[in-house]
Amino acid sequence: MAEEKWVVMVTAQTPTNIAVIKYWGKRDEVRILPINDSISVTLDPDHLCTLTTVSVSPSFDRDRMWLNGKEISLSGSRYQNCLREIRIRAGDVEDKEKGIKIEKKDWEKLHLHIASHNNFPTAAGLASSAAGFACLVFSLAKLMNVNEDPSQLSAIARQGSGSACRSLFGGFVKWNMGNKEDGSDSVAVQLVDDKHWDDLVIIIAVVSSREKETSSTSGMRESVETSLLLQHRAQEVVPVRILQMEEAIKNRDFTSFTKLTCSDSNQFHAVCMDTSPPIFYMNDTSHRIISLVEKWNRAASTPEIAYTFDAGPNAVLIARNRKVAVELMQGLLYCFPPKPDTDMKSYVLGDTSIVKEAGLEGELPQGIKDKIGSQDQKGEVSYFICSRPGRGPVVLQDQTQALLHPQTGLPK
Ligand code: DP6
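Residues numbered from 1 in each chain as written. Predicted model: local features only at pLDDT ≥ 70, side-chain atom pairs only at ≥ 80, totals over all residues. Heavy atoms only, no water.

Draft legend 1. Expanded view of the pairing of strand β18 (residues 381-387). In terms of burial, β18 is largely enclosed, as 6 of its 7 residues are buried. Across 6 bridges, the pairing between strand β14 (residues 201-207) and β18 is antiparallel. From the neighbouring strand, I204 faces β18, where its bridge partner is I385. For strand β17 (residues 348-350) and β18, the ladder comprises 3 bridges, and the chain directions are parallel. Residue pairing for β18: L349 is matched across the bridge by I385. (Buried < 20%, exposed > 50% of the residue type's maximum accessible area, 1.4 Å probe, protein only. Helix = DSSP H or I, 4+ residues; strand = E, 2+ residues; numbered from the N terminus. Pairing = 2+ DSSP bridges.)

Written out as structure tokens, the structure reads:
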């Protein structure tokens, strides 16, 4: 390894994911091994993703990381476990053009700089750790020439945050709980890619929340310790649901998909209630959204919208197709209008063409304004994000998107 002050870097983009069959409960807290399988849909990274630049240079004196522009500590065991597992697997790297050669053995001594950024507001309470750890592991694997497939990488990302393992793939993804003690079979696999069921439209309602929420990590620990319903769920309910969900996804059977998704979200929240002391993630707005969707599906001849809620009040709504999504957006904006000082551009984010199709871009039409005048739910939803099933992680070739300076390896 030459001793010049070179910097080598890789920038990658990784999507976030939303579970339709939830992971809740660990059998091993250190390796992050779950008590049941789970299934998720990956969201389009154009709307929700993490961008991470990782770099290495002989001039770096320690591992450092910046998250959304602020330096954070890497001393936590989850970061340390991911870094250790990736370093063990690092290979030789050669850049002939720049005359740089890093040998496998050099990686132990070399330090890393990492900068990560979410393209969605962090305060939104959307699963940012899933995309974050998946992106960290994926980009480091590329930088260090790690010769492992995405499933093997998922077992490393899992040690950062359980749900992160499912962000190594696009489309619909299953996390096999595995049964080996070392966790080597607790990996994610892709069920179908993002093109398989691309009619689906995903609308996230970011619900205003004042309460401080219990983190997933401590919430699921308390459920494992105290909820009998969780034992029943993991042993009896989820194994059957996983098979049914795999069938529903394979056959694009939206009726079955909706039934399973909604039931599983509701059972997860029932487990939270069954935890001692009980955990309340949903709030009145979440409940109102559930009622709206249940009513909608009853009025339609077959279900048109699925809902699911993670460890917070935000609703993730999955519409059968674009036509339903446009109507749903109209209904949502009618029931949950923006505050008078909020314009539509900052109220509906992501794929805003849905708003255009709904005839709602810019100013709300007077007709709807008149209708919502009597509504008392202004401000209950902070904003909506429109998305769809998306692809897995990619390396970005465009160096201008790097978050670190190519000469110094410090944040731009
Ligand atoms: C409700 O993956 O955030 O979103 O493994 O402790 O980091 P840790 O927990 P995390 O839990 C996610 C829980 C969930 C359901 C899911 O994504 O499957």
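There is more to say after this.
Draft legend 2. Representation of the pairing of β14 in the model. With respect to burial, β14 is a largely interior element, 7 of its 7 residues being buried. Of the two faces of β14, the one carrying V201, I203, A205 and V207 and the one carrying I202, I204 and V206 are both buried. Two strands pair when backbone bridges link them, and β14 and strand β16 (residues 315-319) are joined in this way by 5 bridges, in the antiparallel orientation. Its bridge partner being in β16, V201 is matched across the sheet by A319.

Draft legend 3. Structural view of the state of the cysteines. Applying the stated rule across the entire model yields 0 disulfides. Left without a disulfide partner, C135 is nearest to the cysteine sulfur of C49, which lies 7.6 Å away. Cysteine C386 shares no disulfide, and the gap to the nearest cysteine sulfur, in C335, comes to 16 Å. Looking at C386, the relative accessible area reads 0%, which means it is buried. (Disulfide = S-S within 2.5 Å.)

Draft legend 4. Local environment of the sheet that holds strand β13 (residues 188-192). A sheet is described by the order of its strands in space; here 4 strands give the open sequence β2-β5-β12-β13, paired in antiparallel fashion. The sheet terminates laterally at β2 (17-21) and β13, the two strands that pair on one side only. Geometrically, the sheet is characterised by an average inter-axis angle of 35° between neighbouring strands, direction not taken into account. Sheet topology note: the strand β12 (residues 172-175)/β13 ladder contains 4 bridges and is antiparallel. Looking across to β13, one finds that W175 is bridged to A188. (Axes fitted to C-alpha atoms, helices over the stretch in contact; angles between N-to-C directions.)

Draft legend 5. Structural detail: the environment of D106. Residue position: D106 is located in the loop between β10 (100-102) and β11 (111-118). Judged by its relative accessible area of 3%, D106 is buried. It is 30 Å that separates the C-alpha atoms of D106 and G162, two residues lying 56 residues apart in sequence.

Draft legend 6. Focus on the nonpolar core. With 64 residues, the main nonpolar core has F257 and F384 as its most contacted residues. Here the element with the most residues in this core is helix α8 (residues 322-335); it accounts for 8 residues. Excluding residues within four positions of it along the chain, F384 makes contact with I203, I204, A205, M329, L332, L333, F336, Y347, V348 and L349. Counting residues in each nonpolar core, the second largest holds 54 residues, with I35, V93, M144 and L168 among its members. (Core = buried A, V, L, I, M, F, W, Y, C linked by side-chain atoms within 4.5 Å. Contact = heavy atoms within 4.5 Å.)

Draft legend 7. Summary view of helix α6 (residues 254-273). With 20 residues, α6 should reach 28 Å at 1.5 Å per residue; the first-to-last C-alpha distance of 28 Å fits that figure. Measuring from the side-chain oxygen of the N-cap residue of α6 to the backbone nitrogen of T255 gives 3.3 Å; that N-cap residue is D253. (Expected span 1.5 Å × (residues − 1). Polar contact = N/O pair within 3.5 Å; in protein donor to acceptor, adjacent residues only side chain to side chain.)

Draft legend 8. Structural detail: α8. Here α8 is 14 residues long and its end C-alpha atoms lie 20 Å apart, about the 20 Å a rise of 1.5 Å per residue gives. Every buried residue of α8 is listed here: V324, A325, V326, L328, M329, L332, L333 and C335. You can read the cap of α8 off the contacts: a side-chain oxygen lies 3.2 Å from the backbone nitrogen of K323, and it is on N321.

Draft legend 9. The arrangement of the environment of A248 in detail. Assignment of secondary structure puts A248 in helix α5 (residues 228-250). Sequence separation between A248 and L332 is 84 residues; the distance between their C-alpha atoms is 27 Å. Excluding residues within four positions of it along the chain, A248 makes contact with W197, D253, S256, F257 and L260.

Draft legend 10. Quick peek at the packing of aromatic side chains. Under the counting rule described, the total for this entry stands at 12 aromatic pairs. Judged by centre distance (5.2 Å) and plane angle (70°), the ring pair of W197 and F257 falls under edge-to-face. Pair noted here: W197 is in the loop between β13 and β14 and F257 is in helix α6, with a separation of 60 residues, a long-range link. The pair formed by W197 and F257 is uniform in burial state, with each residue classed as buried. Consider the rings of F254 and F257, whose centres lie 5.9 Å apart with planes at 35°: the pair is tilted. Here the residue F254 and the residue F257 both occupy positions in helix α6, the gap between them amounting to 3 residues, near one helical turn. Residue classification places F254 among the buried positions, given a relative accessible area of 3%. Note on F257: relative accessible area 0%, which makes it buried. (Phe/Tyr/Trp six-rings, centres within 6.5 Å; stacked < 30°, edge-to-face > 60°.)

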